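Breakdown of the fold
Listed below are the residues making up each chain.
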Amino acid sequence: MINTILDKRVRNYFARMTESDFISMLSKNEYKPKRMAVKNYMTDKNIEEMNKRNYVLEDFTEVCAFNIDMTGSLPTPDQYAKYKFNYIVKKLKKDGVNITDEVKGALYNRRVNGYVSYMNEEHTKCILKRLLPPEYEIMTDSETDQYKGVDIIIINKETNKQYYIHITSNTTSAIKYAKEKETRGQNRDFSGHIWLCYDKLEWDKSINNYKEFNSRTATIMNGYYLFNVTFLGELAKDIIQGDVSEWGLNKYIG
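Please read all numbers here as calculations on a predicted model, not as lab measurements. (Residues numbered from 1 in each chain as written. Predicted model: local features only at pLDDT ≥ 70, side-chain atom pairs only at ≥ 80, totals over all residues. Heavy atoms only, no water.)

**Description of the overall build of the protein**
Keep this limit in mind: Numbering of helices and strands runs from the N terminus, with a helix taken as a DSSP run of H or I at least four residues long and a strand as a DSSP run of E at least two residues long. We compute the radius of gyration from the C-alpha atoms alone; for a globule the expected value is 2.2 Å times N to the 0.38, where N is the number of residues. When accessible area is computed with a 1.4 Å probe and restricted to protein chains, residues below 20% of their type maximum are described as buried, those above 50% as exposed, and intermediate ones as partly exposed. By definition, residues are in contact when any of their heavy atoms lie within 4.5 Å. In short, Shrake-Rupley with a 1.4 Å probe defines the accessible areas, and a residue's cover is counted only from the protein chains shown. The convention is simple: Lys and Arg are positive, Asp and Glu are negative, and His and the chain ends are not counted. In this description, the location of a charge corresponds to atom NZ of lysine, CZ of arginine, CG of aspartate or CD of glutamate.
From N to C terminus, the protein includes ten helices and eight strands. Here the protein has a C-alpha radius of gyration of 19 Å; the compact-globule value for 254 residues is 18 Å, and the two agree. Taken along its principal axes, the extent of the C-alpha atoms in the protein is 55 × 50 × 40 Å. Per-residue burial over the protein gives 46% buried out of 254 residues. Put simply, 65% of the contacts in the protein that link residues at least 6 apart link residues at least 24 apart. Of the roughly 14,400 Å² that the protein leaves accessible, carbon and sulfur atoms contribute 49%. Positive and negative side-chain charges in the protein, numbering 38 and 35 respectively, have mean positions lying 4 Å apart.

So this is what it looks like as structure tokens:
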């Protein structure tokens, strides 16, 4: 159950943040996302069962509100990942998931990944707010994300035209998941929606290292993939012109 009061408070906190606020915060060492080593991640059936449970990510608003009240700042990835961790483990166990050290590590990593996604989303909203004229309102809330599968809604208050935005990575697996996402909710229809897909580091087996990252979509900053202002500027221009037909999933690698 989503606490709408806490949700509004946290949304208001993010709305007051500037681009420099995000960069200043996320560049700090304590905000660098760190993950645990997990064996057999792709084949462990218990991890697969854990990943099917959406409730392992549903307390982001709650932990943000708690941290804002206690410290005046947002939680770090580690603070979010550990928040109610034992409670979630007990809930998974009750659901029949066999809790192993690998499952705990995968759960921790999933929550860190969720945190990174939240920050990407909020940073994106911050940039679009600056790029779009004042008649455009940028909206998002937990219910929109959880039930409609939409990350951001942009509304032209003069024409009431709405634009629905999804954010994911520009990888084959992520886009496959995105295509399946439409079928997981009631009355979902993603036709005409905008997809913002950021490039990710690619592993080069020939050099046993990552390829050089040079992307028009995003920049890597302390472990976060943040959309480039120029890339979002292209979207803002198309929204103002009223034609976002080029921003479907077919724009990416699919």
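**Observations regarding the packing of helix α7 (residues 101-131) against helix α10 (residues 229-241)**
Our working definition: To get an axis, fit a line to the C-alpha atoms, keeping to the stretch in contact for a helix; angles then go from 0 to 180 degrees between the N-to-C directions. Geometric relationships in this document are graded by angle, where less than 35 degrees denotes roughly parallel, more than 145 denotes roughly antiparallel, 65 to 115 denotes roughly perpendicular, and other angles denote oblique. With the far helix as reference, a near helix turned anticlockwise by less than a right angle produces a left-handed crossing, and one turned clockwise produces a right-handed crossing. Just so you know the grouping, Ala, Val, Leu, Ile, Met, Phe, Trp, Tyr, Cys and Pro go in nonpolar, Asp, Glu, Lys and Arg go in charged, and all remaining residues, Gly too, go in polar.
Two elements in contact, α7 and α10, have axes separated by 10 Å at closest approach and are oriented at 55°. Relative to α10, α7 is oriented oblique. Both α7 and α10 take part in a crossing whose hand is right-handed. Contact with α7, carried on its side by T124, I127, L128, R130 and L131, involves V229, L232, G233, L235 and A236 of α10 and no other residues of that element. Of the residues in the contact of α7 with α10, the class split is seven nonpolar, two polar and one charged.

**Let's talk about the pattern of salt bridges**
Counted only if it meets this: The term salt bridge refers to a side-chain nitrogen of Lys or Arg lying within 4 Å of a carboxyl oxygen of Asp or Glu.
Enumeration over the complete set of coordinates arrives at 13 salt bridges. For K82, the salt bridge identified is with D78, shortest N-O distance 3.3 Å. Here K82 and its partner D78 are both found in helix α5 (residues 77-82), four residues apart, which amounts to about one turn of the helix. By relative accessible area, K82 is classed as exposed at 52%.

**What about the sheet that holds strand β1 (residues 136-139)?**
Stated formally: Two strands pair under a simple rule: DSSP has to find at least two bridges between them.
Taken in spatial order, the four strands of this open sheet run β1-β2-β3-β4, and their pairing is mixed. Each of the sheet's edge strands pairs with one partner strand only, and the pair in question is β1 and β4 (194-198). Between one strand axis and the next, the sheet turns through 25° on average, direction left out of account. For strand β2 (residues 152-156) and strand β3 (residues 162-169), the ladder comprises four bridges, and the chain directions are antiparallel. In the sheet register, I154 faces β3, and the bridge partner there is Y163. Here α10 sits on the sheet in contact with β1, β2, β3 and β4, set at roughly 175° to β4.

**Quick look at the nonpolar core**
If you look at soluble globular proteins, the nonpolar side chains tend to sit buried side by side. Here is the rule we go by: Here the nonpolar core consists of buried residues drawn from Ala, Val, Leu, Ile, Met, Phe, Trp, Tyr and Cys, with membership extended through side-chain atoms lying within 4.5 Å.
F14, F60, L74, L92, L107, M119 and Y224 are the most contacted members of the largest nonpolar core, which totals 42 residues. Elements with a contribution of two residues or more to this core: α1 (4-15), α2 (19-26), α3 (45-51), α4 (60-71), α5, α6 (85-94), α7 and β8 (224-227). Discounting residues that sit within four places of it in the chain, L74 has contacts with Y13, F14, M17, M25, Y31, C64, N67, I68, Q79 and M119. Counting 29 residues, the second-largest nonpolar core is a separate cluster that includes I154, I175, C197 and A236.

**Section: the packing of aromatic side chains**
So the rule is basically this: Aromatic pairs are defined between Phe, Tyr and Trp rings, using the six-membered ring for Trp, whenever the two ring centres lie within 6.5 Å; interplanar angles under 30 degrees are classed as stacked, those over 60 as edge-to-face, and all others as tilted.
Enumeration over the complete set of coordinates arrives at 13 aromatic pairs. Look at F14 and F22: their rings are 6.3 Å apart centre to centre, the planes differ by 10°, and that puts the pair in the stacked class. Under the relative-accessibility criterion, F14 is labelled buried at 4%. Residue classification places F22 among the buried positions, given a relative accessible area of 0%. Ring plane angle 65° and centroid distance 6.0 Å describe the contact between F213 and Y225, whose orientation is recorded as edge-to-face.

**Focus: the packing of α1 against α4**
At a minimum axis separation of 9 Å, α1 and α4 run at an interaxial angle of 65°. Considering the angle they form, α1 stands roughly perpendicular to α4. You can see that α1 and α4 cross each other, and the crossing is left-handed. In contact with L6, D7, R9, V10, Y13 and F14 of α1, α4 contributes F60, T61, E62, C64, A65, I68 and D69.

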